[in-house]
Amino acid sequence: YTTTVDFQIRETSMQLGEITVVAQRPPVEPDKTTSKYILSSQDMEAVPIVRDMKEFVELQAGVSLNADGSDISIRGGDAKDVGYEIDGIQMISTDHGDRGGTRVFRDVNKLDVQELTVISGGYGAEYGNARGGVVSIVTRDGGSSYSGLVDYQFLPSGQKHWGKNVYDS
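Residues numbered from 1 in each chain as written. Predicted model: local features only at pLDDT ≥ 70, side-chain atom pairs only at ≥ 80, totals over all residues. Heavy atoms only, no water.

J.: Explain the sheet that holds strand β6 (residues 113-121) to me, using residue names and the numbers behind them.
T.: In spatial order, the strands read β1-β6-β7-β4-β5; together these five strands make up an open sheet with mixed pairing. Only two strands of the sheet have a single neighbouring strand rather than two, namely β1 (35-40) and β5 (89-91). Taken over all neighbouring pairs, the strand axes of this sheet differ in orientation by 20° on average, direction set aside. Examined bridge by bridge, strand β4 (residues 82-86) and β5 share three bridges and lie antiparallel to one another. Along β5, the bridge assignment pairs Ile86 with Ile89. (Pairing = 2+ DSSP bridges. Helix = DSSP H or I, 4+ residues; strand = E, 2+ residues; numbered from the N terminus. Axes fitted to C-alpha atoms, helices over the stretch in contact; angles between N-to-C directions.)

Structure (structure tokens):
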């Protein structure tokens with residue numbers, strides 16, 4: 001995006017500490033031409049039951065699962081047409097691994113993710129061979145404090161008629 005900012009700079013000497021610049025995304029982007037869905041880490045923490053990144057991707061508009069639930073497609077394309085990007089680096093997924101399909105790069109720890117973007121149409125040439133859509137993940141920066149998460153599951157006894165767990169679609 002192109003933004004014009006007019007200002008004057010005067011030369012002066014001063015001693016400063018660390019400067020941190022934080023930008024906010026505007027609620028309406030007038031020059032946006034893509035179909036883009038963005039989830040921040042705060043949005044992900046607010047969603048109950050979802051336990052991993054691939055489930056967050058599956059919740060976005062235009063994303064659908066194949067018959068056995070192992071791959072996704074965006075807007076009806078093929079699973080091989082989805083481009084994956086982590087911190088701006090394309091994850092090439094056309095190695096046709098042991099399953100005969102593509103290797104999927106959606107299994108990133110959700111605690112490591114700062115922002116998840118799913119682009120489902122109208123994207124530029126910067127995304128290369130992604131013909132179906134783009135899944136872009138930005139990882140968090142490290143800090144000076146430690147944090148963690150305890151996650152547990154309770155599975156009631158009995159047959160699972162609705163899939164591998166009670167909440168499975």
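J.: So what's going on with the nonpolar core? Which residues, and what values?
T.: Among the nonpolar cores identified, the biggest contains 18 residues, and Met53, Leu116 and Val135 are the most heavily contacted of them. Those elements that place two or more of their residues in this core are α2 (53-58), β3 (72-74), β4, β6 and β7 (133-139). The contacts of Val135, once residues within four sequence positions are left out, are Val57, Ile72, Ile74, Val82, Gly83, Tyr84, Glu85, Leu116 and Thr117. Listed in part, the five residues of the second largest apolar core include Ile119, Tyr123, Ala130 and Val134. (Core = buried A, V, L, I, M, F, W, Y, C linked by side-chain atoms within 4.5 Å. Buried < 20%, exposed > 50% of the residue type's maximum accessible area, 1.4 Å probe, protein only. Contact = heavy atoms within 4.5 Å.)

J.: Describe in detail the environment of Ala130, supporting the description with residues and values.
T.: With respect to the element layout, Ala130 can be found in the loop between β6 and β7. As a C-alpha pair, Ala130 and Lys80 span 50 residues in sequence and 8.5 Å in three-dimensional space. The contact partners of Ala130, leaving out residues within four places of it in the chain, are Asp81, Gly83 and Tyr123.

J.: Talk me through the side chain of Ser136; I want residue IDs and the actual numbers.
T.: One can find Ser136 in strand β7. By relative accessible area, Ser136 is classed as buried at 10%. At 3.3 Å, the side chain of Ser136 forms a polar contact with the side chain of Glu85. The residues touching Ser136, leaving out its near neighbours within four places in the chain, are Glu85, Glu115, Leu116 and Thr117. (Polar contact = N/O pair within 3.5 Å; in protein donor to acceptor, adjacent residues only side chain to side chain.)

J.: Please provide a residue-by-residue account of the pairing of β6, values included.
T.: A large share of β6 lies buried, amounting to seven of its nine residues. Relative to β7, β6 is paired through six bridges, and the arrangement is antiparallel. Residue pairing in the sheet places Thr117 in a bridge with Ser136 of β7.

J.: So what about a nonpolar patch on the surface? Which residues, and what values?
T.: Together, Met14, Leu16, Ile19 and Val21 line one region of the surface with nonpolar side chains, adding up to about 500 Å² of accessible area. For Met14, a relative accessible area of 63% puts it in the exposed group. (Patch = residues over 30% accessible without salt bridge, like charges linked within 9 Å, V, L, I, M, F, W, Y side chains within 5 Å. Areas by Shrake-Rupley, 256 points an atom, 1.4 Å probe, with all protein chains shown as cover. Salt bridge = Lys/Arg side-chain N within 4 Å of Asp/Glu carboxyl O.)

J.: Can you break down the pattern of salt bridges residue by residue, with the values?
T.: In total, this model carries one salt bridge according to the counting rule given. A salt bridge links Glu45 to Arg140, with the nearest nitrogen and oxygen atoms 3.4 Å apart. Taken together, the residues Glu45 in helix α1 (residues 41-46) and Arg140 in the segment after β7 connect sequence positions 95 residues apart. Assessed through its relative accessible area of 36%, Arg140 is described here as partly exposed.

J.: Pulling in residues and values, what's your account of the side chain of Ser41?
T.: The topology assignment puts Ser41 in helix α1. In contact with Ser41, other than residues within four places in its own chain, are Val113, Gln114 and Arg140.

The analysis is restricted to geometry; functional conclusions fall outside its scope.
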